[in-house]
Amino acid sequence: MEIIKTVAEMSRWVQEQRTKGHTLALVPTMGFFHEGHLSLMRRAGELVDRVIVSLFVNPSQFAAHEDLDAYPRAFARDAALAEAEGVAVLFCPEVDDIYPPGFQTTVAVSELTSKLCGKSRPHHFAGVTTVVAKLFNIVAPQYAVFGEKDFQQLAVIRRMVRDLNMQVSLVGHAIVREKDGLAISSRNAYLSKAERRQALCLWHALQEAKALVQAGERHSGRVAKRVRDVLLAHGPCQIDYIELVNRDTLERSSTIDHRVLLALAVRIGTTRLIDNACLLHGGDKNV
Ligand code: PAF
């Protein structure tokens, strides 16, 4: 595996691979790899013959109060894990190379980013779409693979790709869970033992919602109420949102069908966790 640290070198490598007729897939990450990231790399490897993983802790998607410096980093371990997955290149540019002095362009998707996580993180998605647009321009991959845990991020990036006619096919990969159901996330590292136990409330709430819908319930309000009860039954937590939304438009839906997704954002202690699931068979296989 090559470790490439500059945009110029990355562009040269891409050019060379294209000339040789290789196909490329990009897995954008902020590092601190876990099984979720590794499964994205494996998925990418099924699609093309060269997988590029970008590792860039993107400052523009953090708000001033969100501690960018505290974001977990483990470069040597990440490099070893990516190499073991057969990744061709780990692309880890410096901040100044991605955002050189004088940088003043933002790529922003409007409506989709005003909902759900966008309400409490108003500038976050513009940071994500700006850096992802740059990565797509630098790597020009045929495919890019993203996790479905952050399904709003994926919906926003899909919109950007459609709206700007970007020549990349997006692939969403199902949420990867711990054995007990907790969605795998870099943020789980912030949880104490007791909080880790309590964090299972998200999984239990999704399961309960699914059981209700399987029993015939189609009223979103009643499902949301039951979900709130389950979340709070596991201990004190701050519920940021419980939303039943159309998975493409992210519009609230008062009734439940195959396109509707239950999305949760809950703060356990100081750690904000998100999770989601389609509640009807055929929606997805996460729950
Ligand atoms: O999901 C992430 O890790 C980040 O938001 C991404 C897509 C790598 C952009 O910085």
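Within every chain, residues take consecutive numbers counted from 1 along the sequence as written. Reporting of local features is limited, given that this is a predicted model, to residues whose pLDDT is at least 70; pairs of side-chain atoms are given and counted only at 80 or more, and all residues count toward the totals for whole chains, interfaces and linings. Side-chain calculation: all heavy atoms of the structure are included, whereas hydrogens and water are not.

Helix axes are fitted to C-alpha atoms over the stretch in contact, other axes to C-alpha atoms as well, and angles between N-to-C directions run from 0 to 180 degrees. To qualify as a helix, a DSSP run of H or I must reach at least 4 residues; to qualify as a strand, a run of E must reach at least 2; elements of each kind are numbered from the N terminus. Helix α7 (residues 151-163) packs onto helix α6 (residues 124-139) with a crossing angle of 55° between their chain directions and a minimal axis gap of 10 Å. One way to sum up the angle between α6 and α7 is to call them oblique. Our pair here, α6 against α7, has a crossing hand that is right-handed. Contact residues: F125, V128, T129, V132, A133 and F136 in α6; Q152, Q153, V156, I157, M160 and V161 in α7. Only Asp, Glu, Lys and Arg are considered charged, only Ala, Val, Leu, Ile, Met, Phe, Trp, Tyr, Cys and Pro nonpolar, and every remaining residue, Gly among them, polar. Its residues placed into classes, the contact of α6 with α7 shows nine nonpolar, three polar and no charged. Any angle that is under 35 degrees is reported as roughly parallel, and any over 145 degrees as roughly antiparallel; angles of 65 to 115 degrees are reported as roughly perpendicular and all others as oblique. Note on convention: the crossing is left-handed when the near helix lies turned anticlockwise from the far helix by less than a right angle, right-handed when the turn is clockwise. By definition, residues are in contact when any of their heavy atoms lie within 4.5 Å.

Here we take up the sheet that holds strand β6 (residues 169-173). Paired strands, in this sense, are two strands between which DSSP finds at least two bridges. Taken in spatial order, the six strands make up an open sheet running β1-β4-β3-β2-β5-β6, and their pairing is parallel. On the outer flanks of this sheet lie β1 (2-4) and β6, each paired with one strand and no other. Geometrically, the sheet is characterised by an average inter-axis angle of 25° between neighbouring strands, direction not taken into account. As defined by bridge partners, strand β5 (residues 143-147) adjoins β6 across five bridges and the pair is classed as parallel. If you follow F146 over to β6, its bridge partner there is G172. Strands in contact with helix α2 (residues 35-47) are β2 (24-29), β3 (50-55), β5 and β6; relative to β5, the strand with the most contacts, it is inclined by about 155°. The strands touched by helix α3 (residues 75-84) within the sheet are β1, β3 and β4 (89-91), with β4 carrying the most contacts at an inclination of about 150°.

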